[in-house]
Structure formats: structure tokens, C-alpha cells
Amino acid sequence: MGAAGTDAPRGLPHEGTLALASPAGRQLAAELRRVKQTSGLSFARLESRTHYSKASLERYVNGKLFPARDAVEDIAQACGADPGPLLEFWDDALKAAMETREATPTPETATDAKPPMPADESTHRPHSPFRNRRNLVLLAGLGMVIALFAVVQVFPWFSRTAAPKPPTSGCRDYYVDIHVYTTGKVCWQSASATVNGYVENPDSAGKATAQLCVSNHPDVCSQIIDLASAAPGKGARYHRTVHLPAGHGVWVRACAKGLCTQWD
């Protein structure tokens, strides 16, 4: 493979309109096509033998894109051809492209600069009423921004939306399942919660238990209450009202064979 240091210098146009416009560039593209056609390889087969995509190979071979030096060497070797002559065409095409580029005049940028204003005109020109009004509007707007920023800093609660308060009463359904299951509804008020449900044990080994968690933080129970137990192949209903300290709630789970579901 060709050395990476022999690739085209940074800044060389990649499109073939310049790099492949010279006789050496056109000869390079023609030789690449000839080598590819002689090998009988499709672009897909050529892709599998090189590090380049089918799209890039098609552009190189058909003279649409100036290839890297490594690409020319890889294509020649993949097609079973001697890369030497192709690399000579590549060197000549690169040299011609660089000479053409250096000969192209650089667009003038001096026309973008504004001529300096005479001293007497710049220092004695009266300001128009429109310009004065614009300055006043800008100053007024800046003052409003500063005032609003000061209000937000002094009274931060102005910029915040009050957090909604949790409901003091309501109901929700629950369902948990682990070999056995329990399902029902829990309703609560500000100081109490009532649980109505059913625990089913279709398994034939060990009893199933429905439990209630009273807590002010999920998964950290301050109290665990057994609601009901069911023998294998049986079910049991339960109804329980518990006292809720301030900020506490309730969750339900089912347990069997030493395993328990998550609190729901």
C-alpha cells in the first residue's frame, strides 16, 4: 500500500474539474478505467478488496473525483496491475493541479473595506432624530431588563410555579403477582386508609400472605401489617382500616415461599 504521507496536500480541490482537467489527470482516469475493465471486477468486488466504498471507487474510476495516492495504488493491486505507471500519472496530475491553482488570481477583498470618513465630517455631523430615538429605546429596554433581573433576585418566588399539593383523599387499584396474587382497592383520607382486597393461592405448597406497608417513604416501612393468609388452593378476602400519621401512605404486596413482590 502507498504511504499515507504521499496523499494530496491539504487544501487541494477534491473535485475532478481541476485535478483531473490536465492531460495527466485525464490519462489517470482513463488508465484506472482500463485496469478495472481488464480485471473484470465489479465495483462491489473491488470494494471487498480495498478500503474504499463502491461510490468512491466509481467516482475515482470515472474521473469524477481526484483519488488519493493510496487509492490509486490499492485499485491497481486489487486489479492485478502494476501500480507504478498509474502513480506516475497521479504525481503529474497533482503537479498540474497545484500549478493551476497557484496561477488562479485571489479575489480582491479590499473592496469590502469602507473608506475612512474625513475628520471634519465624522466629528461635526449632527445626529439624526431617528438615531436619537433609537438610542432612547435601547436604553429604556436595557433598564427594564435590569429591573426585572433585580426583582427575580430579590423575590425568587415570583419566577416559580407553586408545587401542587398532594390530594388529601382518593382511591387507587392495585395488583401484585408472584405464584400467588392479591388484588383490590385502597382508599385514604388525611389520617386513615382503608384496604379492601382478595388474596388467591393456586399453588399447592405453602400459604400465601397479603401484607400492608405504612410508610412516609417507598420501600422503607414503618409498619408492616398482615392483611390475610390463604392456604394452598384457597383464597381469602380482607378489609382493613389503619391510622396514617402525617405524610404517610400505604402499599400492598403478596408473599409466598419466602418470596415477596414489590410494594404496589
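Residues numbered from 1 in each chain as written. Predicted model: local features only at pLDDT ≥ 70, side-chain atom pairs only at ≥ 80, totals over all residues. Heavy atoms only, no water.

## Quick look at the side chain of Gln211
Then step 1. Along the chain, Gln211 falls in strand β4 (residues 208–215).
Then step 2. Within polar-contact distance, the side chain of Gln211 engages the side chain of Asp226 at 3.0 Å.
Then step 3. At 2.9 Å, the side chain of Gln211 forms a polar contact with the side chain of Arg253.
Then step 4. Contacts of Gln211, omitting those with residues within four sequence positions, involve Ile224, Ile225, Asp226, Leu227, Trp251, Val252, Arg253, Cys255 and Trp263. (Helix = DSSP H or I, 4+ residues; strand = E, 2+ residues; numbered from the N terminus. Polar contact = N/O pair within 3.5 Å; in protein donor to acceptor, adjacent residues only side chain to side chain. Contact = heavy atoms within 4.5 Å.)

## Re the environment of Ser53
Then step 1. Secondary-structure assignment places Ser53 in the loop between α3 (43–49) and α4 (54–61).
Then step 2. Assessed through its relative accessible area of 32%, Ser53 is described here as partly exposed.
Then step 3. When the C-alpha positions of Ser53 and Phe43 are compared, they lie 8.5 Å apart, and in sequence the two are 10 residues distant.
Then step 4. For Ser53, the side chain forms a polar contact with the side chain of Ser56, separated by 3.2 Å. (Buried < 20%, exposed > 50% of the residue type's maximum accessible area, 1.4 Å probe, protein only.)

## Some points on the state of the cysteines
Then step 1. Applying the stated criterion across every chain, the model contains three disulfides.
Then step 2. Between the sulfur atoms of Cys171 and its disulfide mate Cys187 the distance is 2.1 Å. Handedness here is read from the sign of the S-S torsion; for Cys171 and Cys187, about 110°, the answer is right-handed. Separated by 16 residues along the polypeptide, Cys171 in strand β1 (residues 170–178) and Cys187 in strand β2 (residues 180–188) bring together distant segments of the chain.
Then step 3. On the basis of relative accessibility, which here comes to 49%, the residue Cys171 falls in the partly exposed class. (Disulfide = S-S within 2.5 Å.)

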